[in-house]
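The residues making up each chain are set out below.
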Amino acid sequence: MSEAGIKGTMISYRPDIKVLDATVRDGGLVNNFEFTDEFVRKLYQTNVRAGVDIMEIGYLADSELFDISKYGKWKFCREDAIRGVLGDILDPKMQLAVMADVGRANVTRDLPDKKDSILDIVRVATYINTMPAAIEMIETCARKGYRTTCNIMAVSKAKESELKEALDMLGKSSVDVIYLVDSYGSLYPLQIRELAKTYLEAAEKYNKQVGIHAHNNQQLAFANTTECAMMGVSYLDATMEAMGRGAGNCAMELLLGFLKNPKYDIKPILKFLQEDMQKLKKQGIVWGYDIQYLLTGYLNQHPRTAIAFTKEKRDDYFTFFQELQENEV
């Protein structure tokens with residue numbers, strides 16, 4: 001590539017870029033959302049100092065479907081719980097988001113109107129086949145006054161025709177941001193580029209924005225996130241030290257370094273990694289790339305089997321690979 005071509009890929013100072021920290025939500029899948037109040041407060045303050053635009057603080061899970069005693073408060077994100085931890089340190093420079101899974105959340109009952117909440121954004125997570133239910137949730141949240149995103153999960157398994165139909169449905173809805181989600185960490189940069197093009201074309205047609213949420217099964221979460229950013233994707237998800245389900249996500253410290261925008265400051269992030277993320281690791285909480293996650297990503301399979309492999313402290317990678325191939329038959 002020529003020097004001019006390289007310069008053409010730089011994205012510094014793009015005003016549409018929004019960095020979202022998903023540490024508590026995606027990382028909560030690793031420790032049952034049992035983060036201490038002190039951890040969440042310090043993370044919030046770190047994000048503010050670092051210039052991060054949005055912090056996702058957990059799920060809005062339905063307590064009738066999940067046993068409250070088995071999870072920390074960030075699985076449910078009730079308004080009083082959020083206010084009890086963050087209410088006195090809220091900063092208008094950063095927005096708060098929560099995720100609601102189709103079929104696992106009741107936004108009509110559990111989500112207050114925006115005027116009564118410190119939340120700003122609701123991220124509706126759905127598979128292609130539950131898109132009508134997702135749009136119903138999006139419209140409910142929009143009527144209540146929230147900005148919304150739709151995170152289409154497992155897009156690596158979707159048929160092209162189904163994806164385009166889903167994007168058209170979302171384009172006609174009230175959703176603000178449509179997310180490309182590499183749930184299985186199976187996509188390569190070339191594939192992510194083609195998908196981003198498809199999403200961006202739909203977004204331009206319907207005046208929406210596009211986001212990327214990547215998983216690191218093949219150590220490509222950072223590469224895929226930056227590829228999308230250079231394509232024109234605006235909302236970029238990351239987590240502290242890549243903490244997230246299984247192999248984890250795009251690392252916040254890598255992403256802010258890449259953006260090279262004076263708005264973002266990596267120094268508060270480094271301090272948080274040193275003082276707080278290392279504590280989690282010393283407590284025995286495990287996440288991040290390993291061979292078992294590579295294998296599920298390579299085969300485009302859900303990482304649940306790799307997560308079980310990890311918990312069982314197995315190291316028979318070849319046997320595990322054979323088991324995964326048998327599951328595909």
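Rules of the game
- Residues numbered from 1 in each chain as written.
- Predicted model: local features only at pLDDT ≥ 70, side-chain atom pairs only at ≥ 80, totals over all residues.
- Heavy atoms only, no water.
- Helix = DSSP H or I, 4+ residues; strand = E, 2+ residues; numbered from the N terminus.
- Rg over C-alpha atoms; globule rule 2.2 N^0.38 Å.
- Buried < 20%, exposed > 50% of the residue type's maximum accessible area, 1.4 Å probe, protein only.
- Contact = heavy atoms within 4.5 Å.
- Areas by Shrake-Rupley, 256 points an atom, 1.4 Å probe, with all protein chains shown as cover.
- Lys, Arg positive; Asp, Glu negative; His and termini not counted.
- Charge placed at Lys NZ, Arg CZ, Asp CG, Glu CD.
- Expected span 1.5 Å × (residues − 1).
- Arc of directions from axis to C-beta.
- pLDDT = per-residue confidence, 0-100.
- Salt bridge = Lys/Arg side-chain N within 4 Å of Asp/Glu carboxyl O.
- Core = buried A, V, L, I, M, F, W, Y, C linked by side-chain atoms within 4.5 Å.
- Phe/Tyr/Trp six-rings, centres within 6.5 Å; stacked < 30°, edge-to-face > 60°.
- Pairing = 2+ DSSP bridges.
- Axes fitted to C-alpha atoms, helices over the stretch in contact; angles between N-to-C directions.

This brings us to the overall build of the chain. Along the chain, the regular secondary structure elements total 14 helices and eight strands. Against the globule reference of 20 Å for 329 residues, the chain gives a C-alpha radius of gyration of 19 Å, in line with a compact fold. Taking the principal axes of its C-alpha atoms as reference, the chain extends roughly 50 × 45 × 40 Å. The burial tally for the chain puts 56% of its 329 residues in the buried class. For the chain, restricting intrachain contacts to residue pairs at least 6 apart in sequence, the fraction spanning at least 24 positions comes to 76%. Carbon and sulfur atoms form 51% of the exposed surface of the chain, whose accessible area is close to 14900 Å². The average position of the 41 basic charges and that of the 46 acidic charges among the side chains of the chain differ by 3 Å.

The subject of this paragraph is the side chain of Asp182. You can see Asp182 is positioned in strand β6 (residues 177-182). Discounting residues that sit within four places of it in the chain, Asp182 has contacts with Leu187, His213, Ala214, His215 and Asn224.

With that settled, the discussion passes to helix α3 (residues 37-50). Taking 1.5 Å of rise per residue, 14 residues should cover 20 Å, and α3 covers 20 Å from first to last C-alpha, within 8% of that figure. For α3, every residue scored as buried is listed here: Phe39, Val40, Leu43, Tyr44, Thr46, Asn47, Val48 and Ala50. Gly51 lies just past α3 and shows a positive phi near 85 degrees.

The next point concerns helix α7 (residues 160-171). For α7, built from 12 residues, the straight-helix expectation of 16 Å at 1.5 Å per residue is met to within 8% by its first-to-last C-alpha distance of 16 Å. Considered for burial, the residues of α7 that qualify are Leu163, Ala166, Leu167, Leu170 and Gly171. The arc that holds the buried residues of α7, viewed along the axis, is 135 degrees, so those residues lie on one side.

With that out of the way, let us pick up the confidence of the model for the chain. Here the chain averages 95 in pLDDT, while 96% of its residues score no lower than 70. Across residues 1-9 the pLDDT falls below 50, and counting only partners more than four positions away or on other chains, this stretch makes three contacts in the model.

It is worth spelling out unusual backbone geometry at this point. A positive phi is found at Ala242, a non-glycine position, where the angle reads about 65 degrees. By the secondary structure assignment, Ala242 is in the loop between β8 (235-238) and α10 (252-259). Residue Ala242 is classed as buried on the basis of its relative accessible area, which comes to 12%. Residue Lys260 is not a glycine yet carries a positive backbone phi of 50 degrees.

For side chains bearing opposite charge, pairing can occur when the charged atoms are close. As enumerated under the stated definition, the model contains 26 salt bridges in all. We note a salt bridge from Lys73 to Asp37, for which the minimum N-O separation is 2.9 Å. Here the residue Lys73 occupies a position in the loop between β2 (54-59) and α4 (79-86), and Asp37 occupies one in helix α3, the gap between them amounting to 36 residues. Under the relative-accessibility criterion, Lys73 is labelled partly exposed at 34%. A residue is classified by how much of its surface remains accessible, and Asp37, at 33% relative accessible area, is partly exposed. The partner of Asp316 in a salt bridge is Arg314, and the shortest N-O contact between them spans 2.9 Å.

Before going further, it helps to examine the environment of Val19. When you line up the elements, Val19 lands in strand β1 (residues 18-21). The exposure class assigned to Val19 is buried, which follows from its relative accessible area of 0%. Between the C-alpha atoms of Val19 and Tyr317, which are 298 residues apart in sequence, the distance is 35 Å. The contact partners of Val19, leaving out residues within four places of it in the chain, are Val52, Asp53, Ile54, Leu236, Met252, Leu255, Leu256, Leu259 and Tyr264.

Counting residues in each nonpolar core, the largest one holds 89 residues, and the members touching the most others are Trp74 and Ile152. Ile54, Tyr179, Val181 and Tyr235 belong to the second largest nonpolar core, which has nine residues in total.

Inspection of the entire model under this criterion finds nine aromatic pairs. Seen from their ring centres, Phe222 and Phe258 are 6.3 Å apart, and the 85 degrees between their planes marks the pair as edge-to-face. One end of the pair, Phe222, is in helix α9 (residues 221-231); the other, Phe258, is in helix α10, with 36 residues separating them in the sequence. An angle of 25 degrees between the planes, with centres 5.8 Å apart, marks the rings of Phe309 and Tyr317 as stacked. The exposure class of Phe309 is buried, given its relative accessible area of 1%.

Here we come to the sheet that holds strand β4 (residues 121-126). Read once around its circumference, the closed barrel built from eight strands follows the order β1-β2-β3-β4-β5-β6-β7-β8, with strand pairing classed as parallel. Averaged over all pairs of adjacent strands, the angle between strand axes in this sheet comes to 25 degrees, irrespective of strand direction. In this sheet, β4 lies alongside strand β3 (residues 95-101) in parallel orientation, the contact comprising five bridges. What sits directly across from Val98, in β4, is Val122. Lying over the sheet, α3 contacts β1, β2 and β3, oriented at roughly 155 degrees with respect to β2.

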